[in-house]
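# Coordinate analysis (summary)
The lines below spell out each chain.
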Amino acid sequence: VQLQASGGGLVQAGGSLRLSCAASGRIHSINGMAWYRQAPGKQRELVADIANIGSTNYADSVKGRFTISRDGAKNMVYLQMNSLKPEDTAVYYCNAKIYTGWGSFNDYWGQGTQVTVSS
């Protein structure tokens with residue numbers, strides 16, 4: 001199983017970016033999907049997550065600015081980021097809880113995509 005994230009880049013404060021993450025490989029089913037981020041010198045933190053029934057959860061710092069969504073048929077998760085701030089600068093990682101048909105659901109991570117917001 002692989003998760004491939006894309007869509008990061010350099011943007012000015014107030015701008016927008018859309019991150020995408022595609023899961024591929026031996027996938028029987030996917031439960032929750034999420035985006036995390038890690039800024040230099042800081043711990044990785046949850047940005048947003050979305051359950052397989054569509055319910056969502058956001059970090060307080062991004063509420064009202066970011067929107068997480070998923071396409072179950074394509075095994076993809078997205079993060080629409082609007083009104084970006086310099087403090088949103090980080091490496092963003094996608095995460096998915098995937099059942100491959102063996103054992104139980106396990107956590108899988110994408111490789112990370114850099115988001116840099118200039119002031």
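Every chain's residues receive numbers from 1 upward, in the order its sequence appears when written. Given that this is a predicted model, residues contribute local features only at a pLDDT of at least 70 and side-chain atom pairs are listed and counted only at 80 or more, while totals for whole chains, interfaces and linings are drawn from all residues. As a rule here, side-chain values cover all heavy atoms of the structure and leave hydrogens and water aside.

## Let's talk about the overall build of the protein
Numbering of helices and strands runs from the N terminus; a helix is a DSSP stretch of H or I covering at least four residues, while a strand is a stretch of E covering at least two. Helices and strands together make up the secondary structure of the protein, namely zero helices and eleven strands. Its C-alpha atoms give the protein a radius of gyration of 14 Å, near enough to 14 Å, the size a compact globule of 119 residues would have. Each principal axis of the C-alpha atoms in the protein carries an extent, and together these give about 45 × 25 × 25 Å. Residue burial in the protein is summarised as follows: out of 119 residues, 38% are buried. The quantity called the radius of gyration is restricted to C-alpha atoms. Its globule counterpart is 2.2 Å times the number of residues to the power 0.38. Burial classification: accessible surface area is computed with a 1.4 Å probe over protein chains only, and a residue below 20% of its type maximum counts as buried, one above 50% as exposed, and the rest as partly exposed.

## A short note on the pairing of strand β4 (residues 29-38)
Consecutive side chains of a regular strand alternate in pointing toward one face of the sheet and then the other. Two strands are counted as paired when DSSP detects at least two bridges linking them. Two strands pair when backbone bridges link them, and β4 and strand β9 (residues 90-99) are joined in this way by eight bridges, in the antiparallel orientation. Bridge pairing in β9 links Met33 to Ala96. One ladder, built from five bridges, connects β4 with strand β5 (residues 45-50); its direction is antiparallel. Note that in β5 the partner of Arg37 across the bridge is Glu45.

## Comments concerning the environment of Ala96
By secondary structure assignment, the location of Ala96 is in strand β9. For Ala96 and Gly8, which are 88 residues apart along the polypeptide, the C-alpha to C-alpha distance reads 19 Å. Should any heavy atoms of two residues lie within 4.5 Å, those residues are considered in contact. Sequence-distant contacts of Ala96, defined by excluding residues within four places in its chain, comprise Leu3, Ile30, Gly32, Met33, Asn106, Asp107 and Tyr108.

## A look at the sheet that holds strand β3 (residues 17-24)
By way of backbone hydrogen bonds, the strands of a sheet pair with one another, either parallel or antiparallel. Strands sit in the order β1-β3-β8-β7 across an open sheet of four strands; the sheet is antiparallel. At either end of the open sheet lies a strand with only one pairing partner, and these are β1 (2-6) and β7 (66-71). For this sheet, the mean angle separating the axes of adjacent strands, direction not counted, is 15°. Sheet analysis places β3 next to strand β8 (residues 76-81), joined by six bridges and oriented antiparallel. Bridge pairing in β8 links Ala22 to Met76. Between N-to-C directions, angles cover 0 to 180 degrees, with each direction set by a line fitted to C-alpha atoms, over the stretch in contact for helices.

## Describing the side chain of Arg37
Within the secondary structure layout, Arg37 lies in strand β4. Under the relative-accessibility criterion, Arg37 is labelled buried at 6%. Under this definition, polar contacts are N or O atom pairs within 3.5 Å; protein pairs additionally need one hydrogen-donor-capable and one acceptor-capable atom, and for neighbouring residues in sequence, both atoms have to be side-chain atoms. Side-chain polar atoms of Arg37 contact the side chain of Ser61, separated by 3.3 Å. Within the structure, Arg37 has its side chain in polar contact with the side chain of Asp88 (distance 3.0 Å).

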